[in-house]
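Coordinate inspection notes
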Amino acid sequence: MAFPEDVLTEDEHVVLHLHPHWKALLRPILVLVLGVAAVVAGWVLLPDGDGGTIALYVIAGLFLVLALWLGLWPFLVWRSTHYLFTNERVLLQQGVLSRDRRDIPLTRINDHAMSQRFVERLLGCGTLTIESAGERGQSVLHDVPSVGKVQTKLYELVEAHHDKHSLGEGEMRDILADMREGKSLRDPTS
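Now for a description of the structure that goes with this document. (Residues numbered from 1 in each chain as written. Predicted model: local features only at pLDDT ≥ 70, side-chain atom pairs only at ≥ 80, totals over all residues. Heavy atoms only, no water.)

**Focus: the overall build of the protein chain**
A count of helical and extended segments in the protein chain gives 5 helices and 7 strands. Along the protein chain, from the amino end to the carboxyl end, the secondary structure elements read β-α-α-β-β-β-β-α-β-β-α-α. Taken over 190 residues, the protein chain has a buried fraction of 30%. Long-range pairs, those at least 24 residues apart, make up 53% of the contacts in the protein chain between residues at least 6 apart in sequence. For the protein chain, the accessible area works out to roughly 12,800 Å², and carbon and sulfur atoms hold 59% of it. (Helix = DSSP H or I, 4+ residues; strand = E, 2+ residues; numbered from the N terminus. Buried < 20%, exposed > 50% of the residue type's maximum accessible area, 1.4 Å probe, protein only. Contact = heavy atoms within 4.5 Å. Areas by Shrake-Rupley, 256 points an atom, 1.4 Å probe, with all protein chains shown as cover.)

Here's what the structure looks like:
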């Protein structure tokens, strides 16, 4: 479930590739540990015989269902959620069986903000909200690891992209001077 490199343009390169913070895996791990403990306890404590064997099968069956539903599925969701920051855009992709992807060009990012609750500050993660021009408006990225550093990197990417694709002060003065002198912008020989 790695992010496919073929979605990038020719001159585009990945700056940050993140999954949600590992805290999203705490509940699946806890479910697996408690489920294994319940099966072992049932195996040790239930009496021998048909009744004990049936009860052990029921416990094991419940553990299997809970392990798939509350253990494996959240892991697959975590693994298939990608926050990708490139030199041209932010790509947000999620989905295990189906896939949703949103591309936000750096030129359309108007604002970005981060928030952290107390526990998130302790764990080093938080929520990053990216506001962009367009119909969808805001994109909220939950459980972003090192959210403060990610927000700073996003700011740097937006500024670098803006500087790369806009005229500098000196270039603008040269164009205005050429226009005053009567040189045509269309004909480089004049």
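Read on for the rest.
**A few points about the sheet that holds strand β4 (residues 100–105)**
The strand order across the open sheet built from 4 strands is β1-β2-β3-β4, with neighbouring strands paired in antiparallel fashion. The open sheet terminates on both sides in strands that have one partner only, identified here as β1 (14–18) and β4. Put simply, the sheet's adjacent strands are angled 10 degrees from each other on average, direction ignored. The strands that helix α4 (residues 147–164) touches are β1, β2 (82–86) and β3 (89–94); relative to β1, the one it contacts most, it runs at about 150 degrees. (Pairing = 2+ DSSP bridges. Axes fitted to C-alpha atoms, helices over the stretch in contact; angles between N-to-C directions.)

**Description of the sheet that holds strand β6 (residues 125–132)**
In spatial order, the strands read β5-β6-β7; together these 3 strands make up an open sheet with antiparallel pairing. Only two strands of the sheet have a single neighbouring strand rather than two, namely β5 (109–115) and β7 (138–145). Across the sheet, the mean angle from the axis of one strand to that of its neighbour is 20 degrees, orientation sign disregarded. Against the sheet, α4 touches β5, β6 and β7, its axis set at about 170 degrees to β5.

**Digging into the pattern of salt bridges**
Tallied over the entire structure, the rule returns 6 salt bridges. In this structure, Lys-23 and Asp-143 form a salt bridge, with 3.2 Å as the shortest nitrogen-oxygen distance. Placement of Lys-23 in the loop between β1 and α1 (26–45) and of Asp-143 in strand β7 is noted, with a sequence separation of 120 residues between them. You can call Lys-23 partly exposed: its relative accessible area is 21%. (Salt bridge = Lys/Arg side-chain N within 4 Å of Asp/Glu carboxyl O.)

**Comments concerning helix α2 (residues 50–79)**
Counted at 1.5 Å a residue, the expected span for α2 with its 30 residues is 44 Å, and the 41 Å between its end C-alpha atoms agrees. In α2, a bend of some 35 degrees at Ala-67 exceeds every other bend along the element. Taken as a whole, α2 has its buried residues at Gly-52, Leu-56, Ala-67, Gly-71, Pro-74, Leu-76 and Trp-78. Tucked inside the fold, the buried residues of α2 contact α1. (Expected span 1.5 Å × (residues − 1). Bend = angle between axes of the 7 residues up to and from the residue.)

**Some thoughts on the environment of Leu-141**
Here Leu-141 lies in strand β7. Take Leu-141: its relative accessible area is 1%, and that puts it in the buried class. Sequence spacing of Leu-141 and Ile-130 is 11 residues, and the spatial spacing of their C-alpha atoms is 8.0 Å.

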